[in-house]
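What follows is each chain in one-letter form.
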Amino acid sequence: KQWYQRRVRGPSLVFPGVVVENPNKSVERSIFVAGAKSSGKTGMILRFLDRDEQPKATTALEYTFGRRSRNDSMSKDVAHVWELGGGVALSNLIEVPVTKDCIETLNFVIVVDLSRPESIWTTLETLIAAIRQRVKKVIHELKVDSPSAANRLVAECLARYGPEHPDKDILDIIPVPLTILGSKYDLFQNFDSEKRKIITRTLRYVAHLYGAHLCYFSSKMEQLVMRARSLLGHLVFKTQLSKSTVTDHTKPVYILAGMDAVSQIGSPPSVVGSRSLLEQWKQLFLSSFPQEPEAAMPEDPSKDRKYSEPLVDTVRAQKDEELERFRKAQERKMRQSAI
């Protein structure tokens, strides 16, 4: 499986504090993609990998990869891509690919469906909490084995803002690169202007607070496809990236981490009882777009008919019967021992 053969002159440094790669050495990095159900995650990954395939529903946690050949070198860079299916219901699976062995080369991408604002806040809140919790634990483990690596990871994320950024003391940056992709912009652009404004300003604040890039995307708009591919290519291969910024809510937003500010985003209407700007933005968003509850996962997904596989299901049924017979036999033995 080949990654799109986009030739580059070599890696370039965009943000201060990022380590320059050896141009003659192969690079391997990972992207963990999660988001709302049917938000276009798989389609985006396929476009990034330049694969002409029909997107299929993602089951639990899936893995794929792509390669990039370098000019004037026999080396090939590798992108490991993990995709979490099922919306936020399976967010606990984040711990599977996120380990101390890969945390230094890992990037998170959260995809929110701009055409369904009733799912945006739930998606962001749940996944960011899961990411923060897992990253905190892994970095704690990394500090035991390599304190310098853990400190470097944090420093690189903070370097995007720099010591002179006016908001540096009020941010809550996640110490692993994070990107928020707003999908289905082709539908979102037809929303009422005020709705687009509330959604965009809220997303800008959340992205700014946690140190994330923010990029609007549509698989049906080629210019936005190329822009998203360029951003993902930068995340995994450190290719050159444009710093041009789009903050206008009437246009497809594109803001790199460290390029926004609270003074530019503005403040939401004051909410009685709210203790922070994040809480105020949350209350404004929820009052404008009440969130739909996430569909509960079935107690036993193996019994879900959409995952039916006759041969596997037959063997599973036989094993279930054997287990039930064994359980009953053990219960009889225990009763007889008690007599």
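Please read all numbers here as calculations on a predicted model, not as lab measurements.

A. Quick peek at the environment of Val98. Mapped onto the fold, Val98 is located in the loop between strand E3 (76-84) and strand E4 (106-113). Look past the residues within four positions of Val98 in its chain and what remains in contact with it is Ile103, Leu106, Phe108, Arg134 and Val138.

B. How the structure looks around the packing of aromatic side chains. For the coordinates displayed, the defined rule picks out 10 aromatic pairs. On the numbers, 5.8 Å between centres and 65° between planes, the contact of Phe32 with Phe108 is edge-to-face. Of this pair, Phe32 sits in strand E1 (residues 28-35) while Phe108 is found in strand E4, placing the two residues 76 residues apart along the sequence. Taking the relative accessible area as the measure of exposure, Phe108 reaches 1% and is therefore buried. On the basis of an interplanar angle of 50° and a centroid distance of 5.1 Å, the ring pair of Phe285 and Phe289 is categorised as tilted. The same class applies to Phe285 and to Phe289, which are both buried. Taken together, the aromatic side chains of Tyr185, Phe188, Phe191 and Tyr216 make up a single cluster linked through ring pairs.

C. Looking closely at the pairing of E1. Taken across its eight residues, E1 has seven buried, putting it largely inside the fold. Note: E1 against E3, six bridges, orientation parallel. Directly across from Glu28, in E3, lies its bridge partner Val78. Across six bridges, the pairing between E1 and E4 is parallel. Note that in E4 the partner of Gly35 across the bridge is Val111.

D. Layout of the packing of helix H2 (residues 117-145) against helix H5 (residues 193-210). H5 packs onto H2 with a crossing angle of 5° between their chain directions and a minimal axis gap of 12 Å. Judged by the inter-axis angle, H2 sits roughly parallel to H5. Contact residues: Pro117, Ile120, Trp121, Leu124, Ile128 and Arg132 in H2; Ile199, Thr202, Leu203, Val206 and Tyr210 in H5. Looking at side-chain class alone, the contact of H2 with H5 contains nine nonpolar, one polar and one charged residues.

E. Layout of the pattern of salt bridges. Per the stated rule, a full pass over the model turns up 10 salt bridges. One salt bridge in this structure joins Arg116 and Glu292, with 2.8 Å as the shortest N-O distance. Of this pair, Arg116 sits in the loop between E4 and H2 while Glu292 sits in the loop between helix H8 (277-288) and helix H9 (310-338), and the two are 176 residues apart along the sequence. Residue Asp172 is joined to Arg132 by a salt bridge in which the shortest nitrogen-to-oxygen separation is 3.1 Å. Within this pair, whereas Asp172 is found in the loop between helix H3 (147-159) and strand E5 (178-183), its partner Arg132 is found in helix H2, the two being separated by 40 residues in sequence.

F. Expanded view of the environment of Ile131. With respect to the element layout, Ile131 can be found in helix H2. Spatially, the C-alpha atoms of Ile131 and Ile174 are 8.5 Å apart, while their sequence positions differ by 43 residues. Beyond its immediate stretch of four places on either side in the chain, Ile131 contacts Ile94, Phe108, Ile110, Ile174 and Leu178.

G. Quick look at the nonpolar core. Ile103, Phe108, Leu124 and Leu203 are the most contacted members of the largest nonpolar core, which has 53 residues in total. Excluding residues that lie within four positions of it along the chain, Leu124 makes contacts with Ile110, Val112, Ile180, Leu203 and Val206. In terms of nonpolar packing, the next biggest core, distinct from the first, is built from 23 residues, Val33, Met44, Val81 and Leu241 among them.

What counts, and at which threshold
- Residues numbered from 1 in each chain as written.
- Predicted model: local features only at pLDDT ≥ 70, side-chain atom pairs only at ≥ 80, totals over all residues.
- Heavy atoms only, no water.
- Helix = DSSP H or I, 4+ residues; strand = E, 2+ residues; numbered from the N terminus.
- Contact = heavy atoms within 4.5 Å.
- Phe/Tyr/Trp six-rings, centres within 6.5 Å; stacked < 30°, edge-to-face > 60°.
- Buried < 20%, exposed > 50% of the residue type's maximum accessible area, 1.4 Å probe, protein only.
- Pairing = 2+ DSSP bridges.
- Axes fitted to C-alpha atoms, helices over the stretch in contact; angles between N-to-C directions.
- Parallel < 35°, antiparallel > 145°, perpendicular 65-115°, else oblique.
- Nonpolar A, V, L, I, M, F, W, Y, C, P; charged D, E, K, R; others polar.
- Salt bridge = Lys/Arg side-chain N within 4 Å of Asp/Glu carboxyl O.
- Core = buried A, V, L, I, M, F, W, Y, C linked by side-chain atoms within 4.5 Å.

None of the figures reported here should be taken as evidence of function without further support.
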